[in-house]
Amino acid sequence: MRGKSIGNIDWVTVLLYTTLVIMGWLTIYSASLSLEVTSIFDIKQTYGRQMLFVILTIPLILILLFLDAKIFERFSFIFYGIGIILLLGLFVFGVTKKGQTNWYQFGGFGFQPSEFVKTGTALLLAKYLSFPQINLKNLKDQLLAFGIILLPVLLILLQPDAGSAMIFLSLIFVLNREGLPAWYLFSGFSAIVLFFLALTIDPKYIMIGIGLVMLVFYFKERRIKRNPILYILIFIVISGFTFSVNYMYTNVLEPHQKDRIDVLLGKDVDIKREGYNLNQSMIAIGSGGLTGKGYLEGTQTKGGFVPEQHTDYIFTTVGEEWGFIGSSVVIILFVTLFLRIIVLAEKQKTKFSRVYGYCVASYLFTHFFVNIAMLIKLFPTIGVPLPFFSYGGSSLWAFTIMLFIFVKLDANKVNEW
């Protein structure tokens, strides 16, 4: 059975993964190459350590593919529990970097458990939703599903690491696919839009506009006996949220979080301080033009003008050296991978495998979208790595484990009845 499932591996997914990892390492090599070129295996250099991480993914993948696929479903709660314990352990044994206690340090190498907890959360959520009695139309089932997601989110926010915590919220797309009422998704999107509108427009005018729209809907739908009290309650909730935005912005958000929002909204910021990273990243991407300056020829990259370019800002190297055409190729490869995962998820014979596949697609897409969007001023700057491209063993191995568990589940569908 095991050999049969391995023979049914989706090689398109494997090829896309391999291509992205190789392109990612080449980009890291360019972004971190010093004047004195050393061996690509020199672990004193960023590209040398990343090469080691890449090589070690090979035995990791082989182990995942040779494991019994049922292990991931059977022990999903254990995987999730280990992840929660690792997050709790950070408050005792964690190392603080840049104000965040989200790393374990072992000699010269770090380990970020929040990256791996994503997989444990996806496995447990898939296991829970696969129970035949679960119906996401029911409030109790909704609350338990939200609880699985929000427990690691709470622990990660306490580190504090808002960027990593936000990624978990992308699982609402999975819940929506499995029957969660659409108004949850609509409400979340509306809250984000209202938040930014309230920072740029007087809340009174926003509420006047919303009130008029609600009146139109109410009188239009009166023939189906819409309850006016429901409309009034919704208006009160929206008003309370809208008028509280400025208070939250002023008294709840940290100074660096407010700076990032100011940059996004185009407010007057000092481009030598809080606006520096974004300004330099846009200069680097824009300087690549149509075809780029050529591999290893990026002047912004070689000059070190973009901070943390080998991690969260890695796509600026792609934009500068490979240009619009090269950047488009990378984006197409990512989108093809996302679509491939979704297509395979829909072909699964078990709900567990389908839900897990959608979790993987949601995680990867959100990382990809947020990372690139924040570099071109479409999203606040937060610490979210670009999958398979950004430097780091934790992120590379976590994404690899996440993806190849699904590859194994997909290959095993020949044994499912």
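First things first, this report covers the structure right here in the doc. Worth saying up front: this structure is predicted, and the values here are computed from it rather than measured. (Residues numbered from 1 in each chain as written. Predicted model: local features only at pLDDT ≥ 70, side-chain atom pairs only at ≥ 80, totals over all residues. Heavy atoms only, no water.)

**Section: a nonpolar patch on the surface**
Next, step 1: Side chains of Phe189, Val193, Leu197, Ile201, Tyr205, Ile208, Leu212, Leu215 and Phe219 sit close together on the surface and give an oily, nonpolar patch of about 910 Å² of accessible area.
Next, step 2: Taken together, the elements giving at least two residues each to the nonpolar patch come down to helix H10 (182–200) and helix H11 (203–220).
Next, step 3: Looking at the secondary structure, you find Val193 in helix H10. (Patch = residues over 30% accessible without salt bridge, like charges linked within 9 Å, V, L, I, M, F, W, Y side chains within 5 Å. Areas by Shrake-Rupley, 256 points an atom, 1.4 Å probe, with all protein chains shown as cover. Salt bridge = Lys/Arg side-chain N within 4 Å of Asp/Glu carboxyl O. Helix = DSSP H or I, 4+ residues; strand = E, 2+ residues; numbered from the N terminus.)

**Focus on the pattern of salt bridges**
Next, step 1: Tallying each qualifying case throughout the model produces ten salt bridges.
Next, step 2: Asp10 is the partner of Arg340 in a salt bridge, and the nearest nitrogen-oxygen pair spans 2.4 Å. With Arg340 in helix H16 (residues 315–346) and Asp10 in the loop between helix H1 (2–6) and helix H2 (11–32), the pair connects residues that are 330 residues apart, well separated along the chain.
Next, step 3: By relative accessible area, which is 25% here, Arg340 ends up partly exposed.
Next, step 4: On the basis of relative accessible area, Asp10 is assigned to the buried category, the value being 10%.
Next, step 5: Among the ionic pairs, Glu115 bridges to Lys118, the shortest N-O distance being 3.0 Å. Note that Glu115 and Lys118 are positioned in helix H6 (residues 113–129) at a spacing of three residues, about one turn of the helix.
Next, step 6: Using a relative accessible area of 0% as the deciding quantity, one classes Lys118 as buried.
Next, step 7: Among the charged side chains, a salt-bridge network with shared partners connects Arg177, Glu178, Glu346, Lys351 and Arg354. (Buried < 20%, exposed > 50% of the residue type's maximum accessible area, 1.4 Å probe, protein only.)

**A word on the nonpolar core**
Next, step 1: Counting 92 residues, the largest nonpolar core has Leu125, Leu175, Phe334, Tyr356, Phe388, Phe389 and Phe404 as its most contacted members.
Next, step 2: No other element matches the 14 residues that helix H17 (residues 351–375) contributes to this core.
Next, step 3: Counting residues in hydrophobic clusters, the runner-up holds 14 residues, among them Ala198, Met207, Tyr218 and Tyr249. (Core = buried A, V, L, I, M, F, W, Y, C linked by side-chain atoms within 4.5 Å.)

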